[in-house]
Amino acid sequence: MESTVEKIKIWFRFVPREGWFPQDTEGLWATRLSADTARVQNVPFLQDGVAEGDVVRFQTDSEGLHWAVGRVSASGNCTIRVVPVRSGPLGHSPQAVHQHLSRFGLGGEAFSEDFPMVAFTAPAGGDFHGIKALLAQGQEDGWWHYEVGCATDEWWNA
């Protein structure tokens, strides 16, 4: 018997940050688990406090949009966002960011050609100490700026 996996878009609302993107929503692909829960399937560019693999609860509105109302369980994964410094040694290249972080097996998505922010999922059990050291060194050396959008105690204690 074949099971059908239903992919849905889960929408998150947030207060836009000053000096950041004007958006106040972000849609993330998810796999429906029940009538009101789903597992996030991609890394968030804008939404904080959620990571790929987390299970979220949602409510469906009258237009059929699924809005996140809370996290049910954490995956242990972390969300990291990296923006290369245009005037730095990596230039405006998300590929160069990928190359530097590839030794940790991190896959990521680039936001756009105009704004080459790369969002990464640092997987639970990964080399958080090594990733953090590289991120800090890259920022000190003018390669990029980075932020942590979602992290675990394991990340912060590494």
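Look above for the structure.
Each residue is numbered by its place in its chain's sequence as written, counting from 1. Per-residue local features of the predicted model are confined to residues with pLDDT of at least 70, and side-chain atom pairs are confined, for both listing and counting, to 80 or more; whole-chain, interface and lining totals are unaffected and use all residues. Hydrogens and water are ignored here; the side-chain numbers use all heavy atoms of the structure.

Asker: It is not clear to me how the pattern of salt bridges should be interpreted in this structure. Could you clarify?
Answerer: Side chains that differ in charge, positive against negative, can pair when their charged atoms come close. Should a side-chain nitrogen of Lys or Arg be within 4 Å of a carboxyl oxygen of Asp or Glu, the pair is scored as a salt bridge. Following the criterion strictly, the structure yields five salt bridges and no others. Between arginine 57 and aspartate 36 there is a salt bridge, and its shortest N-O distance comes to 3.0 Å. With arginine 57 in strand β4 (residues 55–60) and aspartate 36 in the loop between β2 (25–32) and β3 (37–40), the pair connects residues that are 21 residues apart, well separated along the chain. Ionic pairing is found between aspartate 48 and arginine 81, a salt bridge with its closest N-O pair at 2.8 Å. Taken together, the residues span a long stretch of sequence, with aspartate 48 in the loop between β3 and β4 and arginine 81 in strand β6 (residues 78–84) at a distance of 33 residues. Salt bridges linked by common partners bring Asp48, Arg81 and Glu147 together as one network. Each helix corresponds to a stretch of at least 4 residues labelled H or I by DSSP, and each strand to a stretch of at least 2 residues labelled E; elements are numbered beginning at the N terminus.

Asker: Help me understand the sheet that holds strand β7 (residues 108–110) in this model?
Answerer: The strand order across the open sheet formed by four strands is β7-β8-β6-β9, and the pairing between neighbours is antiparallel. Both edges of this open sheet fall to β7 and β9 (144–150), since each of them pairs with a single strand only. Strand-to-strand twist of the sheet, defined as the mean angle between neighbouring strand axes without regard to direction, takes the value 20°. Whether two residues are in contact is decided by their heavy atoms, any of which lying within 4.5 Å being enough. An axis is simply a line fitted to the C-alpha atoms; with a helix, the fit covers only the stretch in contact. Between two such axes, the angle follows the N-to-C directions and lies from 0 to 180 degrees. Its contacts with the sheet put helix α1 (residues 94–101) on β6, β7, β8 (118–122) and β9, and the angle it makes with β8 is roughly 20°. Here, strands pair whenever DSSP counts at least two bridges between them.

Asker: Whenever I open this one, the side chain of threonine 121 confuses me. Can you help?
Answerer: Within the secondary structure layout, threonine 121 lies in strand β8. Among the polar contacts made by the side chain of threonine 121, one reaches the side chain of glutamate 52 at a distance of 2.7 Å. Leaving out residues up to four positions away in the same chain, threonine 121 has contacts with Val43, Glu52, Asn77, Cys78, Leu106 and Gly107. Polar contact is the term for a pair of N or O atoms within 3.5 Å; when the atoms are in protein, one must be able to donate a hydrogen and the other to accept it, and sequence-neighboring residues count only if both atoms are side-chain atoms.

Taken by themselves, the reported measurements are silent on function.
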